[in-house]
Number of protein chains: 2
Amino acid sequence: MAAEKQQLESIESVLKKLPDADAQVFQEIYYGKNVRPMEISEDTIAHARMQNAEVKAYTFGAHPEQLRASRLVRVGIFQHQTPMATNVPIEQMRATMHKMAHDAITTAFYGHANIFCFQETWNMPFAFCTREKQPWCEYAESATDGPTIKYLQELAKQYNMVIISPILERDEMHCDTIWNTAVVIDNHGDILGKHRKNHIPRVGDFNESTYYYEGNTGHPVFETEFGRIAINICYGRHHPLNWLMFGINGAEIVFNPSATTDGLSEPLWGIEARNAAIANSYFTCAINRVGTEHFQNEFTSANGQPAHKDFGHFYGSSYIAAPNGSRTPGLSRVSNGLLIAEMDLNMCRQVKDVWGFQMTQRLDMYAKSLTDACAPDYERQIIRK
Amino acid sequence: MAAEKQQLESIESVLKKLPDADAQVFQEIYYGKNVRPMEISEDTIAHARMQNAEVKAYTFGAHPEQLRASRLVRVGIFQHQTPMATNVPIEQMRATMHKMAHDAITTAFYGHANIFCFQETWNMPFAFCTREKQPWCEYAESATDGPTIKYLQELAKQYNMVIISPILERDEMHCDTIWNTAVVIDNHGDILGKHRKNHIPRVGDFNESTYYYEGNTGHPVFETEFGRIAINICYGRHHPLNWLMFGINGAEIVFNPSATTDGLSEPLWGIEARNAAIANSYFTCAINRVGTEHFQNEFTSANGQPAHKDFGHFYGSSYIAAPNGSRTPGLSRVSNGLLIAEMDLNMCRQVKDVWGFQMTQRLDMYAKSLTDACAPDYERQIIRK
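Residues numbered from 1 in each chain as written. Chains lettered and ligands numbered in written order. Predicted model: local features only at pLDDT ≥ 70, side-chain atom pairs only at ≥ 80, totals over all residues. Heavy atoms only, no water.

*Asks:* Describe the relation of the copies chain A and chain B, listing the residues and the values that go with them.
*Replies:* Note on the identical chains: chain A maps onto chain B by a rotation of 180 degrees and an axial translation of 0.0 Å, with an RMSD of 0.0 Å. As the rotation angle and translation indicate, the two copies are arranged about a two-fold axis. An overlap of 100% is found between the interface residues of chain A and their copies at the interface of chain B, pointing to a shared contact surface. (Least-squares fit on C-alpha atoms with pLDDT ≥ 70 in both. Contact = heavy atoms within 4.5 Å.)

*Asks:* If you had to explain the interface of chain A and chain B to someone new, which residues and values would you point to?
*Replies:* Contacts between the two partners involve 84 residues from chain A and, on the opposite side, 84 residues from chain B. Here chain A and chain B share an interface that buries about 7,600 Å² over both sides, 67% of which is from carbon and sulfur atoms. The three residues of chain A that bury the most area against chain B are I29, W355 and Y366 of chain A, which together make up 10% of that side's buried surface. Where chain A packs against chain B, one counts 8 salt bridges. Where D22 of chain A meets K17 of chain B, a salt bridge forms, and the shortest distance between an N and an O atom there is 3.0 Å. (Buried area = accessible area lost by both parts, 1.4 Å probe. Salt bridge = Lys/Arg side-chain N within 4 Å of Asp/Glu carboxyl O.)

*Asks:* So what about the side chain of N232 of chain A? Which residues, and what values?
*Replies:* Residue and element names in this part refer to chain A. With respect to the helices and strands, the residue N232 is situated in the loop between β9 (227-231) and α6 (240-248). A distance of 3.5 Å separates the side chain of N232 from the backbone nitrogen of R237, its partner in a polar contact. Residues in contact with N232, not counting those within four places in the same chain, are R237, N242, W243, F246, V254, F255, N256 and P257. (Helix = DSSP H or I, 4+ residues; strand = E, 2+ residues; numbered from the N terminus. Polar contact = N/O pair within 3.5 Å; in protein donor to acceptor, adjacent residues only side chain to side chain.)

*Asks:* Could you give an account of the nonpolar core, naming the residues involved and the relevant values?
*Replies:* One finds I253 of chain A together with I253 of chain B to be the most contacted residues of the largest nonpolar core, which totals 188 residues. Ignoring anything within four residues of it in the chain, the contact list for I253 of chain A reads V73, V75, I115, R228, I229, A230, Y282, F283, C285, M343 and L345 of chain A. Within the second largest apolar cluster, 19 residues are counted, among which are L363 and A373 of chain A together with L241 and A367 of chain B. (Core = buried A, V, L, I, M, F, W, Y, C linked by side-chain atoms within 4.5 Å. Buried < 20%, exposed > 50% of the residue type's maximum accessible area, 1.4 Å probe, protein only.)

*Asks:* Give a detailed account of the sheet that holds strand β15 (residues 337-344) of chain A, specifying residues and quantitative values.
*Replies:* Sheets are built from strands paired through backbone hydrogen bonds, the pairs being either parallel or antiparallel. Residue and element names in this part refer to chain A. The 8 strands are arranged β1-β2-β15-β3-β4-β5-β6-β7 in an open sheet whose pairing can be described as mixed. The sheet is open, and its two edges are formed by β1 (35-37) and β7 (191-196), each paired on a single side. Neighbour to neighbour, the strand axes of the sheet diverge by 25 degrees on average, direction disregarded. Looking at chain direction, strand β3 (residues 72-79) and β15 are connected through 8 bridges and run antiparallel. Looking across to β15, one finds that V75 is bridged to A341. (Pairing = 2+ DSSP bridges. Axes fitted to C-alpha atoms, helices over the stretch in contact; angles between N-to-C directions.)

*Asks:* Lay out the sheet that holds strand β8 (residues 221-224) of chain B in plain terms, naming residues and giving numbers.
*Replies:* Within the open sheet, the 6 strands sit side by side as β16(A)-β8(B)-β9(B)-β10(B)-β11(B)-β14(B). Their pairing is mixed. Two strands in the sheet have a free side with no partner beyond their single neighbour: β16 (382-383) of chain A together with β14 (319-321) of chain B. Summarising the sheet, β8 of chain B and strand β9 (residues 227-231) of chain B pair through 3 bridges and their orientation is antiparallel. Within the sheet, the bridge partner assigned to T224 of chain B lies in β9 of chain B and is G227 of chain B. Contacts between helix α7 (residues 262-280) of chain B and the sheet are confined to β10 (253-257), β11 (283-287) and β14 of chain B, with β14 of chain B contributing the most and set at about 30 degrees to the helix.

*Asks:* Provide a residue-level description of the pattern of salt bridges, including the pertinent values.
*Replies:* Two side chains with opposite charge may pair up if their charged atoms get near one another. Counted under the stated rule, the structure contains 46 salt bridges over all chains. A salt bridge links E342 of chain A to R74 of chain A, with the nearest nitrogen and oxygen atoms 3.5 Å apart. Here the residue E342 of chain A occupies a position in strand β15, and R74 of chain A occupies one in strand β3, the gap between them amounting to 268 residues. Here E342 of chain A matches R74 of chain A in class, with each residue buried. As a salt-bridge pair, E223 of chain B and R384 of chain A come within 3.2 Å of each other at their nearest N and O atoms. With E223 of chain B in strand β8 and R384 of chain A in the segment after β16, this pair bridges two chains. We classify E223 of chain B as partly exposed; its relative accessible area is 32%. For R384 of chain A, a relative accessible area of 52% corresponds to the exposed category.

Here it is in structure tokens:
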């Protein structure tokens, strides 16, 4: 295997080289003023260290109100490398992943997280670059009683935590079809429901349309004891309409479990989930995979380059953005990490009242425009001399 | 008048303090790899200097194709302070503005610009903070034969340049109503058409809904000799559906002439127009006013603070973003400036082919979802236990 490129630790590690006053100015303009580092317990830090994971914590402020108490919630998002060679037996990989999940969720519990979310198809290699159906399709499991979901149900109940588990789903009730699905387990360990990825990429090594189809679950928002949440899986973050519908359905936090690589999307990563938070007045949590995965058999990337065995670098950099446009710094580009953010969900409505994007959105006009635009004989509004 | 806060020159002036290698790494991740500084003539620089304006120039690359020649176009966007006290007589202000426009457009001509765009309501103070109707409504002029449009028609013809002029419009044919309008003048000096601002803010000092209503011109795309262009005026940049419709109608470059202040929107500024470029596979040009405008009569800002006479700081920072997610650095936060970018419009379709956002957007599903969501009895898709 060729030596891999030395990877940058994080964009924030570069900015640390600025003089303090300049870093502060940059921070206020780039990240916004309403996000502050938050202290977390020694337990949390020690537990993360045992897993070779970093842990960072931030808090977003909101204003006190007269009629509503603060609605503080803590979210934990976890990014990780595939911990073993991609070709180990599935049961071995799964057991290792479950152990890692246990450790990560326990760390989040020490950090008082109420809602926890993994990256996309978190319990398997991101093998869709290979276009091989096996053994990868064997990783697919039931969204109601598969081994991963059952394992997490126990943890959710034990830790009183809502857990979002993005997996490869096997739908045995509908002809054994495969889906890219996020399962929501509530803090009593019950399955609240699931959402299937709405938009499937056909770009670079992301040959996912070979494996599963566009989701058929609409834009569900899950009402939990800690707030109304939704999941926009990976490539769906490029689609403003997908984000919009979760907002229309009442989401206060939208998770974006992803797997995306540096050559493809890195300059876009800080933009899209954050724009969605702004446009829809909710919190967004963007989670990306970490590391470079190698596969046993070579494959091509449809880019004129020779066949090879690695997917390129998943650059992590998970972050959380608020309705007012502020965001946390990102996690590392190279290592496992847990990002905890405390947020007052009251900020969502407060920002709606200030900015008024919902009041001014002219939804009826666009419903008509989009309907017109779908017609096969649609004539675009083009002005010519 | 109280001493004004010392303003930061630009976010890029902070980043210049990084060691070169770090600045390069940051640049590639933050701005993207596909934008490079471009040489411009001494004439251009000298002419800009005479106006106390900076000039910056960049080029975006695209791939050669077999069947289409490159479609290189140069865009010039100009940001400026109101050059006189806000309460000078209107004719005096207008004459000074026209002189400044002449100089700016001449500079852009030296820089070989094909399309030129000003900031929002560029030829008057941004007086909508005052809620006074006069003298400000007197600045409104006809979009077909007002003095500013006539003045620019001559320049457009002389310089073979498409000019976009965002003005306060008086529509005498429809009961003297006032609109916030961008007029497109083609490179022969003919008026190609106009677009009226689709979304009107009610936030902070932006009391614009006191003066004019939501636009009734749809989402026109103007077919010019240099490419298909559209205009999303100011607050419309917060609305992804507004950007989307310009894309559906075929825009290759969308201008966002704006006026927005640092206390309100600065962390959002780099996000929204750039996200629109990504989501819709077109170029976007975000132009903001510069400086702090003072008014004769005091006004309140509905924020619990005492009455005052200034609008706060318009922070400039104009920039151009490409369909592949790369962007130019911004212009200054404090001074007049001209940003020239050379772009190959072939990049738009190239990015569509690579990323496939249009193919995968499921427009029919959203047309139906938005139509449903407009119903008074719409039931949101909320999953409860």
